[in-house]
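An overview of the molecular structure
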Amino acid sequence: MKFAILSKGDSKSDALKQKMMSYMKDFDMIQDTEEPDIVISVGGDGTLLQAFHTYSHRLDDCSFVGIHTGHLGFYADWLPHEVEKLIIAIKNEPMLRIEYPLIETIVRYEQGRETRFLALNEATIKTHNGATLVVDVDIRGQHFERFRGDGLCLSTPSGSTAYNKALGGALMHPSLEAMQMTEIASINNRVFRTVGSPLILPKHHTLQVTPVNKGKFMLTIDHITSEHQGIKSIQYRVADEKIRFARFRPFPFWKRVHDSFIASE
C-alpha cells in the first residue's frame, strides 16, 4: 500500500501527520507522494479539497480519507485519537470505495482555445470588479434565461452543504449524479426576471453560460480563484470522473448534515 499524507499546516495537524507516517511505515506501507494508492488529509474539508486538486490526475488510481483536527467536516471522517484504528483498518480490512460526483467546467475563449477544470464542491462565476454579471444561460442547447446579478454557483451534491447552502440551495445526497445551479443576488423586478430558484440538473444535461458584456471574470473552482479574459462561453456538466473515498465504517450523509447543522454542542 502506497500512501501520501497532506496536512493543514498547523502544529496539531503536522504532528499528527508525522505520527501517522511513522506508524504506517512500521506496517510496511510505502510513502509515495507521486503515485499513492490512498491519500490522507489531516485538517478539515479545505485540506481534503487541496488533496483532491493535488491528485485530481489520479482519480482512477487512488482513494481519499480525511482526519479532522478542527470542527467536524463533511469529507473528514476520522478524529485524531482514532488514527491507530484507521491505520490498522487500512492495513488489514477490505476498503469500501464510495464514489461522489464532480463538476466539469470547460472555459472556451474567443481565440478558440479552452481550459478544463474539475470541482469537488462548486464552481462560480462573477465579474472582476463587482459589477453586475449579465450572462445568457442555456440548458441542453436551448436558451433558458438572461441572468443579471452578482454571480452563479454550480455545486456538486457533496458540495451542496457549502456555499450552495448559504445561497439558499437544496441539500443533495451525493449518490445523485447531478449538479445544482444557484443564483448569487439576482436582479428581479418588472424589467428583469430570472427563475429565482435553484435548478437541479441530471448528469445528461449540460448548462452553458455566455457573457453578454465582455470583460474580466473571476472564476472559482472550489478554493481556487482565477481571473479570465476573452471568455466566449463556459460549459458546466457532471463530470465522467468521480472522487473515491475510502470507507472502513458507516458514515451516513444525513447524519453528517444533522451533526453539522442541527445537533447542539
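Reading the values: the criteria
- Residues numbered from 1 in each chain as written.
- Predicted model: local features only at pLDDT ≥ 70, side-chain atom pairs only at ≥ 80, totals over all residues.
- Heavy atoms only, no water.
- UniProt positions renumbered as here; feature names shortened; annotations may be inferred.
- Helix = DSSP H or I, 4+ residues; strand = E, 2+ residues; numbered from the N terminus.
- Contact = heavy atoms within 4.5 Å.
- Phe/Tyr/Trp six-rings, centres within 6.5 Å; stacked < 30°, edge-to-face > 60°.
- Buried < 20%, exposed > 50% of the residue type's maximum accessible area, 1.4 Å probe, protein only.
- Core = buried A, V, L, I, M, F, W, Y, C linked by side-chain atoms within 4.5 Å.
- Axes fitted to C-alpha atoms, helices over the stretch in contact; angles between N-to-C directions.
- Left-handed = near helix turned anticlockwise from the far one by under 90°.
- Nonpolar A, V, L, I, M, F, W, Y, C, P; charged D, E, K, R; others polar.
- Domains from an automatic or database assignment.
- Buried area = accessible area lost by both parts, 1.4 Å probe.
- Polar contact = N/O pair within 3.5 Å; in protein donor to acceptor, adjacent residues only side chain to side chain.

An unreviewed UniProt entry annotates the chain as NAD kinase of Macrococcus bovicus. Annotation of the chain in UniProt includes, under Sequence similarities (unreviewed entry), the sentence "Belongs to the NAD kinase family." Recorded in UniProt under Subcellular location (unreviewed entry), the annotation for the chain is "Cytoplasm".

Here's the deal with the environment of leucine 171
By secondary structure assignment, the location of leucine 171 is in the loop between helix H4 (163-166) and strand E11 (178-186). Along the sequence, leucine 171 and valine 195 sit 24 residues apart, while their C-alpha atoms lie 19 Å from each other. Setting aside residues up to four positions removed in sequence, leucine 171 forms contacts with Ser160, Thr161, Lys165, Trp254 and Val257.

Overview of the packing of aromatic side chains
Any two aromatic rings considered together are summarised by their centre-to-centre distance and by the angle between their planes. As enumerated under the stated definition, the model contains 5 aromatic pairs in all. Judged by centre distance (5.6 Å) and plane angle (5°), the ring pair of tyrosine 75 and phenylalanine 245 falls under stacked. Here tyrosine 75 is found in the loop between strand E4 (63-68) and strand E5 (76-78), whereas its partner phenylalanine 245 is found in strand E16 (residues 231-247), with 170 residues between them in sequence. The same class applies to tyrosine 75 as to phenylalanine 245, namely buried.

Quick word on the UniProt feature "binding site: NAD(+)" (unreviewed entry) in the chain
Per the UniProt record, the feature "binding site: NAD(+)" (unreviewed entry) sits at Asp45, Gly46, Asn121, Glu122, Arg148, Asp150 and Ala185. For this annotated set, covering 141 residues, the C-alpha atoms extend up to 31.3 Å from each other, a dispersed arrangement in space. Within the fold, aspartate 45 resides in helix H2 (residues 45-54). Taking the relative accessible area as the measure of exposure, aspartate 45 reaches 23% and is therefore partly exposed. Leaving out residues up to four positions away in the same chain, aspartate 45 has contacts with Gly73, Phe74, Tyr75 and Ala76. Note on placement: aspartate 150 falls in strand E10 (residues 142-155). According to the relative accessible area criterion, aspartate 150 is partly exposed, its value standing at 40%. Discounting residues that sit within four places of it in the chain, aspartate 150 has contacts with Ile125, Lys126, Thr127, Leu133, Ile184 and Ala185.

Let's talk about unusual backbone geometry
Even without glycine at this site, aspartate 28 takes up a positive phi of about 65°. Residues other than glycine seldom take positive phi values, yet aspartate 222 does so here, at roughly 60°. Within the secondary structure, aspartate 222 sits in the loop between strand E14 (216-221) and strand E15 (224-229). By relative accessible area, which is 8% here, aspartate 222 ends up buried.

Thoughts on the nonpolar core
In terms of nonpolar packing, the biggest core is built from 26 residues, with Ile125, Leu152, Met179, Leu207 and Tyr236 touching the most fellow members. Those residues in contact with leucine 207, other than ones at most four positions away along the chain, are Val137, Asp138, Ile139, Met179, Met181, Leu201, Ile234, Gln235 and Tyr236. Core analysis: the second largest hydrophobic core is formed by 21 residues, Ile5, Met20, Ile67 and Met95 among them.

Thoughts on the packing of helix H1 (residues 11-26) against helix H3 (residues 83-92)
Two numbers describe how H1 lies on H3: the axes approach to 10 Å, and their chain directions differ by 35°. Considering how the two elements wind past one another, H1 and H3 form a crossing that is right-handed. On H3, the residues that touch Leu16, Lys19, Met20, Tyr23 and Met24 of H1 are Val83, Glu84, Leu86, Ile87 and Ile90. Considering only residue class, the contact of H1 with H3 consists of 8 nonpolar, no polar and 2 charged.

Let's talk about the domain arrangement of the chain
What the domain assignment reports for the chain is domain 1 (2-95 + 248-262) and domain 2 (102-240). Centre-to-centre, using C-alpha coordinates, domain 1 lies 30 Å away from domain 2. Roughly 1,200 Å² is buried in total at the junction of domain 1 and domain 2, and carbon and sulfur atoms are behind 77% of that figure. Considering only the surface of domain 1 that becomes buried against domain 2, His53, Tyr75 and Phe253 emerge as the three largest contributors, covering 41% of it. For the pair domain 1 and domain 2, the number of links is 3 residue pairs in polar contact (both at pLDDT 80 or more). Breaking the side of domain 1 that touches domain 2 down by element, the ones donating at least two residues are H2 and helix H5 (253-261). Considering each element in turn, the side of domain 1 that touches domain 2 owes the most residues, 5 residues, to H2.

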